[in-house]
Every structure is written in C-alpha cells, then in structure tokens.
Amino acid sequence: MTRKQRRLYFVVLGVLAVGAAAALVLTALRQDIVFFFSPSEILEAKVPTEGRRIRLGGLVEQGSVVKDGAIVRFRVTDGAHTLPVVYSGLLPDLFREGQGVVTEGKMGPDGEFQAAEVLAKHDENYMPKEVAESLKKTGHWQGESQPAK
Amino acid sequence: MESLNAFLSMGGYGGYVWSSYALTVVVLAGVLWASVRAARLREVELEQLQSMRPNRRRRRAAPDTQPPESQVS
Amino acid sequence: MHRFANPARFMRIATLVLPWAMGVAILTLGAGLWFGLAGSPADYQQGESVRIMYVHVPAAWMGMFCYTAMAVCSAMALIWKHPLADLLARATAPVGAAFTFVCLVTGALWGKPMWGTWWVWDARLTSMLILLFLYLGYMALADAFDDPQRGQKAAAILSLVGVVNVPIIKWSVDWWNTLHQPASVVKMGGPAIDSSMMIPLMLMAVGFHAFWVVVLILRTRAEIAAAKVRTLRMAQVHAAGQAEQA
C-alpha cells in the first residue's frame, strides 16, 4: 500500500466513524431533539407531562378559536387526538385555524394545556394568492390549511 | 409617491424585509472588499520582494519584510 | 518552483474566469434583487415577508455548499498533498461563514413576524448555528500555529469531522419535528414553490455561486502570493545564514 492509499483509507474510515458516532448519539438523543410533541403522544402518555414545561404541536382545529379579551382558547389536533389550549398574549401573524402551531407550556390539572408561548409553524408551500385560490377552486389543494372535513 | 410608500412598507413587513436585504448586501460587500484588498496587498508585496535580488542579505532586515499578518475575513 | 506548477495553472484559468464570474454575479444579483423585491408576487399566507426567502434560502444553500467544498478540498490536501487544495479550502471558509451568518440573521428576521420568535433551539436552527461555529473554528485553527502547514492540517481534520453536520442540516427537518418547515425546492415530488417565486430564488442562487467564484479566485490569489512571499523570505534567511557561516 502506498502512503497515498493509506491516507485515503484513513480519511474515508475517519469520516465514516465520525458519521456512525454522530448517528448513534443522535438516535440516543432522539427524544430531546424533537421540538414538540403531538397531542397523541401527550394523551397516550408517551412523554412525561407532570409539572414539566413541554411543547405541543399540531394544527389549530377549524372553528375552535375563541377569543375572550386577552385570553384565547383553541384546540390543537394531529388528526387522531385533540388537546384544548388556553393562552393569553400576542399571537403571531400566521396563527390561523387550520395552520400549524407549536405552543410551549404545561398541562393543567383539568386537561387543558396552559400555553405560555404560541409559535406559528407553516408548511413548505409558497404561492401567490391567486394560485392558491384557483387550486382551492379546482380541488387540487394540498396545503396544510385545509377546511375541516 | 403612494406606490413608493407601499413598496417601502412591504405590507407592514418593511423593517424585516429591508434589513434582511441590507444585511446581505453589507456582508457580501465586506467579504468582497476584504478579498480584493488581501489579493492586492499580497501581490504588491510579492512584486516588491521579487524585484529585489533574492540573495542579498542586506534586504533581510528591511522594515517591509515583516511577515504578513493573518488575513482579514 | 515546482511547488507552484499547479497554482500557476490555476492563475491562468482564474484570469480567464474572473471577468465572466463577475459579469454573471452582477447580472443575476441585479435581476434577483429586482425580481425578489418587486417583480414577484406576495405569498398567500406570508404576504410580502416571503421576500426574505430570496436571500435566506440561497444563503443557506451556500453555507452548506461552501462547507462541502471546503471539506472535499481538505480531504484532497490531506490525502494527495495537492498544494492548491489547502489554499482553496482556506479561501472558501470566510465566504461560507459569511453566507451562514446571513442565513441565520435573515432567518431570525423572517421568524419574528411569521413564527412569532427570533430564534428557537430546534434541530434545523441549531445545526445551522453549529455550521457557523465550524467555519469559525476552521479559520481560527488554520491560523493558530506558527507553522502554517500544521495549522492547515489541524483545520483540514476539523473540517472533515464537521462535514457530518451537512447532511444533518439538510435532513433535520425530516428526521425530527422542528419549528422550521420541510424543504420546499429540493424535495420528492418536485418543488412546492410557485414558478413566479422560483425565478428570484434561482437568480439569487446563481448570483451567490458566481460571487463565491469571484471571491474564491481573489482569496486564492492572495494565498498563492502569500505562500510565495513566505518561500522567498525563507530562501533569503537561508542564504543569509550560509553567507554568515562562510
């Protein structure tokens, strides 16, 4: 083996080893890397919620937003399960029914999620208004903000 | 005038949009400026060095022969 | 002067390429700015704030592209001791760092009005911040040793260790749930961006790459000149030492 070949194998093996180590670490830390939990994960008690600050993410259920002064109540759904959320404070511009949302807070004793922070999560589709409207009209709409079934 | 104001306000997001573009322009211009300057400085230095007869020891102590400082980025 | 055989060829090609790269950069960035700021529609959800995308997304691509280029050059330098590879890696690092920085700051400026926050520690944002630190570490390490070759070697190894972060950035939005949305352009089933918005995005992307070529040429020229200066100085000192002994 020439020195060049040896160095080539060293570099390739080194990069592979680092990659494997990173994969192991990231797999082990999976639960800590996810940014939020779905209503299903929380309701099926897959994550400890007792007195802990957690993030809940999903879609704002259509027709669920009720504003009472500074207090907002809405329901977050992932299709399978739904959790009621209560929040008081400023909502981001993209906060809409049918849109993605990530809220941070604690589970209340009454099963209502008490959010201290509400962030909007949007999907990867970008288009002008006219295109969105014509897609909705022709029934080719695939975006997140689908009307409730 | 009206349309200029509308353009500048960017539907209320003017501050965010314009600062994004301004930042991009400033950073890229800075990188370009530093790179042009580095290339010019080093090439001038090399020319000066090459124009001297390389083996004359008297040149060694000349004040312009300080090692080049690390590059700007 | 055998060491500079390859750099000499690089200089010849660079002289040919430089004016073209500059022309492409000026044209595409000019057109990209116009299409990005005026000649494209507002988004149906995000309104005019979507225009931040036209600098944010290409800057993110450049951050990853430059890092990959830097790691490939570093590997070539380590394995084949190619004299030019180290110089190219060194020249790319500041450009990649600048684009990564632009990506992070414009991302914050976009996140505040849309998401409702400047910053969150989700997988995408965090791995992008790590990319910036890798660039800074590379640049610091490359200059940290008195012997430039040792510093270069240490920096090359760091860049190869850090290259594992690039696929993590790319697929972070698929592997974990994040606040950041999934990929819009490079994804299965074709882009999820309307063609009217694709125009400024692609113009800026081409412009940023052309900008990278321009800066790469300038910085590599500076590095080649610096290396020659070092060699000449060393020859001088050496010659002086011999003269004293004689």
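Because the structure is predicted, anything quoted here is derived from the model rather than measured.

This brings us to the overall build of chain C. Helix and strand counts for chain C come out as seven helices and zero strands. Going from N to C terminus, chain C has its helices and strands arranged as α-α-α-α-α-α-α. With respect to the principal axes defined by its C-alpha atoms, chain C has extents near 80 × 35 × 30 Å. Every one of the 246 residues in chain C was classed for burial, and the buried ones make up 57%. Residue pairs in contact within chain C that sit at least 24 positions apart in sequence constitute 75% of those at least 6 positions apart. Summing over all exposed atoms, chain C offers an accessible surface of approximately 10100 Å²; the carbon and sulfur share of this is 72%. Taking the average location of the 17 positive side-chain charges in chain C and that of its 11 negative ones, the two points are 8 Å from each other.

So, on to the UniProt feature "domain: Cytochrome c assembly protein" (unreviewed entry) in chain C. What UniProt calls "domain: Cytochrome c assembly protein" (unreviewed entry) maps, in this numbering, to residues 13–180 of chain C. The distance separating the terminal C-alpha atoms of residues 13–180 of chain C is 41 Å; by composition the span is 78% helix and 0% strand.

Moving on to the packing of helix α3 (residues 83–114) of chain C against helix α4 (residues 123–142) of chain C. For any two helices packed against each other, the geometry comes down to the angle between their axes and how far apart the axes lie. Residue and element names in this part refer to chain C. At a closest axis distance of 9 Å, the pairing of α3 and α4 adopts a crossing angle of 145°. Judged by the twist between their axes, the crossing of α3 over α4 is left-handed. Packed against α3, whose contacting residues are Asp86, Ala89, Arg90, Ala93, Pro94, Gly96, Ala97, Thr100, Phe101, Cys103 and Leu104, the element α4 presents Leu125, Met128, Leu129, Leu131, Leu132, Tyr135, Tyr138, Met139 and Ala142 at the interface. For the contact of α3 with α4, the class distribution of residues is 16 nonpolar, two polar and two charged.

The next subject is the pairing of strand β4 (residues 82–88) of chain A. All names here are of chain A. Inspection of the sheet shows strand β3 (residues 71–77) paired to β4 by seven bridges, in the antiparallel sense. Across the sheet, the residue bridging to Ile71 is Ser88, located in β4. What sits between the antiparallel neighbours β3 and β4 is a turn of four residues, in which Gly79 has the positive phi angle 100°. Summarising the sheet, β4 and strand β6 (residues 113–121) pair through three bridges and their orientation is parallel. When the bridges of β6 are listed, Val85 appears paired with Phe113.

Take unusual backbone geometry next. We note that Met10 of chain B has phi near 50°; this positive angle belongs to a residue other than glycine. Relative to the assigned elements, Met10 of chain B resides in the loop between α1 (2–9) and α2 (14–51). Residues other than glycine seldom take positive phi values, yet Lys81 of chain C does so here, at roughly 50°. Within the secondary structure, Lys81 of chain C sits in the loop between α2 (53–80) and α3. Residue classification places Lys81 of chain C among the partly exposed residues on the basis of a relative accessible area of 47%.

Moving on, we get to the UniProt feature "transmembrane region" (unreviewed entry) in chain C. All names here are of chain C. Sequence positions flagged by UniProt for "transmembrane region" (unreviewed entry) are, in local numbering, residues 12–37, 57–80, 87–111, 123–142, 154–173 and 197–218. Between the end C-alpha atoms of residues 57–80 the distance is 34 Å, and the span holds 100% helix and 0% strand. Summarising residues 123–142: 100% helix, 0% strand, and an end-to-end C-alpha distance of 28 Å.

Residue and element names in this part refer to chain C. Under the counting rule described, the total for this entry stands at 12 aromatic pairs over all chains. Between the aromatic rings of Trp34 and Phe35, the centroid separation amounts to 5.2 Å while the plane-to-plane angle is 85°, which identifies the pairing as edge-to-face. The exposure class of Trp34 is exposed, given its relative accessible area of 53%. Ring plane angle 85° and centroid distance 4.8 Å describe the contact between Phe65 and Trp212, whose orientation is recorded as edge-to-face. Of this pair, Phe65 sits in helix α2 while Trp212 sits in helix α7 (residues 195–245), and the two are 147 residues apart along the sequence. What makes Trp212 buried here is its relative accessible area of 13%. By the ring-pair criterion, three or more aromatic residues cluster together here, those being Phe99, Phe208 and Phe211.

The rules we used
Residues numbered from 1 in each chain as written. Chains lettered and ligands numbered in written order. Predicted model: local features only at pLDDT ≥ 70, side-chain atom pairs only at ≥ 80, totals over all residues. Heavy atoms only, no water. Helix = DSSP H or I, 4+ residues; strand = E, 2+ residues; numbered from the N terminus. Buried < 20%, exposed > 50% of the residue type's maximum accessible area, 1.4 Å probe, protein only. Contact = heavy atoms within 4.5 Å. Areas by Shrake-Rupley, 256 points an atom, 1.4 Å probe, with all protein chains shown as cover. Lys, Arg positive; Asp, Glu negative; His and termini not counted. Charge placed at Lys NZ, Arg CZ, Asp CG, Glu CD. UniProt positions renumbered as here; feature names shortened; annotations may be inferred. Axes fitted to C-alpha atoms, helices over the stretch in contact; angles between N-to-C directions. Left-handed = near helix turned anticlockwise from the far one by under 90°. Nonpolar A, V, L, I, M, F, W, Y, C, P; charged D, E, K, R; others polar. Pairing = 2+ DSSP bridges. Phe/Tyr/Trp six-rings, centres within 6.5 Å; stacked < 30°, edge-to-face > 60°.

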